[in-house]
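These are the residues of each chain, in order.
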Amino acid sequence: MEHQNAVKEALNALYHHPDDTVRVQADRWLQTFQGTLDAWQVADNLLHDSSSNLETLIFCSQTLRSKVQRDFEELPPGAFQKLRQSLTTLLKKFHKGPPKVRTQISIAVAALAVHVPAADWGDGGIISWLRDEMNMHPEYVPGFLELLTVLPEETFNYKIAARPDRRRQFENELTSQMDAALSILTACLNITELKEQVLEAFASWLRLRHGIPGAVLAGHPLVHAALSSLNCDPLSEASVNVISELIHHTASPSSGGISAQTPLIQVIVPQILSLKAHLRDSSKDEEDVKAIGRLFADVGDSYVELIATGSDESMVIVHALLEVTAHPEFDIASMTFNFWHSLQLMLTKRDSYSSLGSEASIEAERNRRLHIFQPAYQSLVSLVGFRVQYPEDYQGLTYEDLKEFKQTRYAVADVLIDAALILGGDTTLKILYMKLLEANAQTGNDFQDWRPAEAILFCIWAISNYVSVVEAEVMPQVMALLQNLPQQAQLLQTACLLVGAYSKWLNAAPASVSILPSIIRILMSGMGTSEDCAAAAALAFRHICDDCRKNLCGYFEDLFNIYCMAINGGGGYKVSAEDSLNLVEALGMVVTELPLDQAKGALEKLCFSAASPLEEAAKEDLEKKHARELTVHIDRFAFLFRYVNHPEAVAAEINKHWAIFRIIFDTRPWDMRTMESLCRACKYAVRTSGRYIINTIGEMLAKIQFHYQQHHQPCFLYLSSEVIKIFGSDPSCADYLKNLIETLFAHTTCLMTSIKEVTARPDIADDCFLLASRCLRYCPHLFIPSPIFPPLVDCAMIGITVQHREACHSILTFLTDIFDLEKSVNEEQFVLIRDNIIIPRGATITRILIASLAGALPSSRLDTVTYSLLALTRTYRLQAVGWAKGSVSLIPRTALTETESTKFLQALSDIAYGADVNSLIGHVEELSDVCRRNRTVQELVQAALKPLELNLVAAPVS
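Since the structure is predicted, the reported quantities are computational estimates derived from the model, not experimental observations. (Residues numbered from 1 in each chain as written. Predicted model: local features only at pLDDT ≥ 70, side-chain atom pairs only at ≥ 80, totals over all residues. Heavy atoms only, no water.)

The next thing to look at is the overall build of the protein chain. Secondary structure assignment for the protein chain yields 52 helices and 0 strands. Viewed in the frame of its principal axes, the protein chain has a C-alpha envelope of about 95 × 80 × 70 Å. A total of 958 residues make up the protein chain; the buried ones form 54% of that total. Accessible area of the protein chain: about 40600 Å², with a carbon and sulfur share of 52%. (Helix = DSSP H or I, 4+ residues; strand = E, 2+ residues; numbered from the N terminus. Buried < 20%, exposed > 50% of the residue type's maximum accessible area, 1.4 Å probe, protein only. Areas by Shrake-Rupley, 256 points an atom, 1.4 Å probe, with all protein chains shown as cover.)

Scanning the model with the defined rule gives 26 aromatic pairs in all. On the numbers, 6.0 Å between centres and 25 degrees between planes, the contact of Phe-556 with Phe-560 is stacked. Within this pair, Phe-556 and its partner Phe-560 are both found in helix α32 (residues 556-568), separated by 4 residues, close to a single helical turn. For the pair Phe-556 and Phe-560, a shared accessibility class is recorded, and that class is buried. On the basis of an interplanar angle of 50 degrees and a centroid distance of 6.0 Å, the ring pair of Trp-658 and Phe-665 is categorised as tilted. As far as the burial class goes, Trp-658 and Phe-665 line up, both buried. Taken together, the ring pairs in this structure connect Phe-637, Phe-641, Trp-658, Phe-661, Phe-665 and Phe-716 into an aromatic cluster. Of note, Arg-167 hangs over the ring of Tyr-158, and the distance from its end group to the ring centre comes to 4.3 Å. (Phe/Tyr/Trp six-rings, centres within 6.5 Å; stacked < 30°, edge-to-face > 60°. Lys NZ or Arg CZ within 6 Å of the ring centre and 35° of its normal.)

Judged by side-chain charge, Asp-285, Glu-286, Glu-329, Asp-331, Asp-393, Glu-400, Asp-401 and Glu-404 come together as a negatively charged surface patch. With 3 residues, helix α23 (residues 399-423) is the single largest residue contributor to the negative patch. Its place among the elements puts Glu-329 in the loop between α19 (312-325) and α20 (330-333). Overall, the relative accessible area of 34% leaves Glu-329 in the partly exposed class. (Patch = residues over 30% accessible without salt bridge, like charges linked within 9 Å, V, L, I, M, F, W, Y side chains within 5 Å. Salt bridge = Lys/Arg side-chain N within 4 Å of Asp/Glu carboxyl O. Lys, Arg positive; Asp, Glu negative; His and termini not counted. Charge placed at Lys NZ, Arg CZ, Asp CG, Glu CD.)

Turning to the environment of Thr-813, a few remarks are in order. Positionally, Thr-813 belongs in helix α46 (residues 805-819). With a relative accessible area of 27%, Thr-813 lands in the partly exposed category.

Our next topic: helix α3 (residues 38-48). If you check which residues of α3 are buried, you get Ala-39, Trp-40, Val-42, Ala-43, Asp-44, Leu-46 and Leu-47. Considering only its buried residues, α3 is in contact with α1 (2-16), α2 (20-34), α4 (54-71), α5 (79-93) and α6 (99-115). (Contact = heavy atoms within 4.5 Å.)

Per the UniProt record, the feature "domain: Importin N-terminal" (unreviewed entry) sits at residues 26-93. In residues 26-93, the share of helix is 78% and the share of strand is 0%. The end C-alpha atoms are 29 Å apart. (UniProt positions renumbered as here; feature names shortened; annotations may be inferred.)

Our focus in this paragraph is the state of the cysteines. Two cysteines joined by a covalent bond between their sulfur atoms form a disulfide. Under the defined criterion, the tally for this structure stands at 0 disulfides. No disulfide involves Cys-496; its sulfur sits 4.5 Å from the nearest other cysteine sulfur, which is in Cys-533. Of the residues examined, Cys-496 reaches a relative accessible area of 0% and is grouped as buried. Left without a disulfide partner, Cys-808 is nearest to the cysteine sulfur of Cys-795, which lies 13 Å away. Under the relative-accessibility criterion, Cys-808 is labelled buried at 0%. (Disulfide = S-S within 2.5 Å.)

What follows is the structure, given as structure tokens:
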């Protein structure tokens, strides 16, 4: 009673107290209470208490449902009968509602059925029990119907803490009782007011995808009831759900596939097609039209393989789907977009025709089908193009509205790509260009209303990758049209994007050299119009300089002047610092195309423009500068070093400007943003220059070593990774590289002596073990014999269970690389060192990996952990299986049964003998599922495996 009163008081505070702090505390207390053993009795008592208010009933029904789902194992063995009786009484009590409470009780009973074998419910399992209850108590049928609805849904509810074997048994129990369940539902059809509820239950059972013959369903009363309800006004939502599930059922392999379900398909599809007229009926409720559109889309998606044959019957469906696509409401029209994509794949992919045998037969059939469907895709282009047009009140769009509009445009762009793949890009372009001419004619060719033209230009942009670079009929006219556009921001932005997208066409055009200056002027105009427009122009500038670099070599000075104005804000340009990097990249590509002597001079000018502001800043107090004031210029260095592919020229510039780099290293080693930017520039200098940078590399590494020990910047580690990759095998660099890795790793292992410290420094852990994997690959002769190698393995063991995704991945990858050492370094001396380190630690590593599979790490890491365990087992074979047996033996049998552990260990043993990796994955998933099935079990398993203890001795295994 004390707990019951506490729950009532907490609920009252949660819903009615004026103080937010009190409400938060009440919510926290209630959540904690739900996890206690007392919650069973308290929730049950309050649900049976006639004085409980709605808030109490909802909370207690949710609590009881959650307890049955997650904590059923808390109850003593004989508790099932009493719990079932209580839940049944509650289901009867709330058979008329409140609906939320009744639903929670129904789910609780269904979850109980998942836990408890069919035999405990009596002959025939829960379905027979339910039928008997309904026969004895017909007044409670609505409540029992809801239970019948949720039963199949709970089959796949992984919130229920059932073992995998029991879950499979439950699914089999339900599928074996499908006929009995449908008989109950058929009997309930006679109760008119329950028809919607009966159909919802039928839809739920169809989701089990049990192979009921099509001929049986075609004549089934439940199917006819759903089909007849399609003609109701308003449309029956439950009937739509049933028909949708029937469509998916007929296409499901587990139901025998389309051929086995033909009788049912022949009943369903004509009924759906008869609804086509409603799509154009403006008096029809929008939700009803949406439901009809959904049915057409389901037909298209499910039968796309049949439709792709191009038969007369299939074309009737295609034309109906075109009508759905033509609907003015985008939410309805877009339901068909997936169909058009799937049909495109069916028509164009060779796999669709593989059964035809010869190449000639395949090509002939492919051409026949494409010819049949081309008119439909031509119509599709016309139907979707208008949807990307800006609304008249575009300036008043909220952030969310604008976001939704952009998503609409990209969805339409995908459909246009599908059309281009069927029609050919050039044909699609012609259709769009005719639309552009029509739009211009309607607005008097003066772009007074710029929106229709902008929409078509966007569509032309969308298909750019599919238009031939030799297209000579439409694109010259489009490019000419762009030069006469008004200075409207959205229109000019799309024009800039289009120009960039057709950069390959511009390069191949016969008049490329004469066109490019006018195109560059369009981009310059874009850079001065708005920030978004400037961003599009900078991106286009990059594409053009990439693809037209040979034609632009003679214009470097002009391009450089544009670049200088853009980065300095001259000429009214609105290019942001971030977007200016596109211009840096663009010029870098042009410089790459220049002869070395000219490239050196061009790169010198570009680097000077980046270095000058840094040198000016160095004359002042560098420490007081905001990081952004420096990184904007350092990032330009990085892009130049990355995209100018003249190693000698880049090396000359990094050597020339090393003095300013050194000053920044020494002045701001504490500043993460600046150091990341500087290390990125150095990384690209090293990558591009290679051996040419040898004179600077020694001092660069000395700076890294010194400052890393003081400031622990992760970027020093990733710069070292690049150096190791380039110079790792160079004998002349061996001494200072050996010193580098030993210094960095020694300091890192001192920083991370516990999982708490690894968790506090995930970026360092990530970059440290990325570097370690690089060392294994590029300089094993320096790394493996080093005294730092064993401590680093210990550090990796400490960090395996770090929750940070990238850090965890890097650690596990490093360990896997060690286990798989023979794949990259098959030298006996290194393998011997590896074995002397791993074998004494093998039992501990295995225990931590199994603990990770069993809940120490999120289930999303299963693949990475499994691969590490797989590599360990393949290398150490039965020895590794022995380690695994010792670890698994620590898990209490209440958490993992003997049978479950034996299955897992047998799969691991099979791997040791060379079995395929796929044979292990399923057993790992089952082990993980069993050990994570609820919080209590997961805590029990982790307490037994103790993944954070590195010196735990496992039980001996004979």
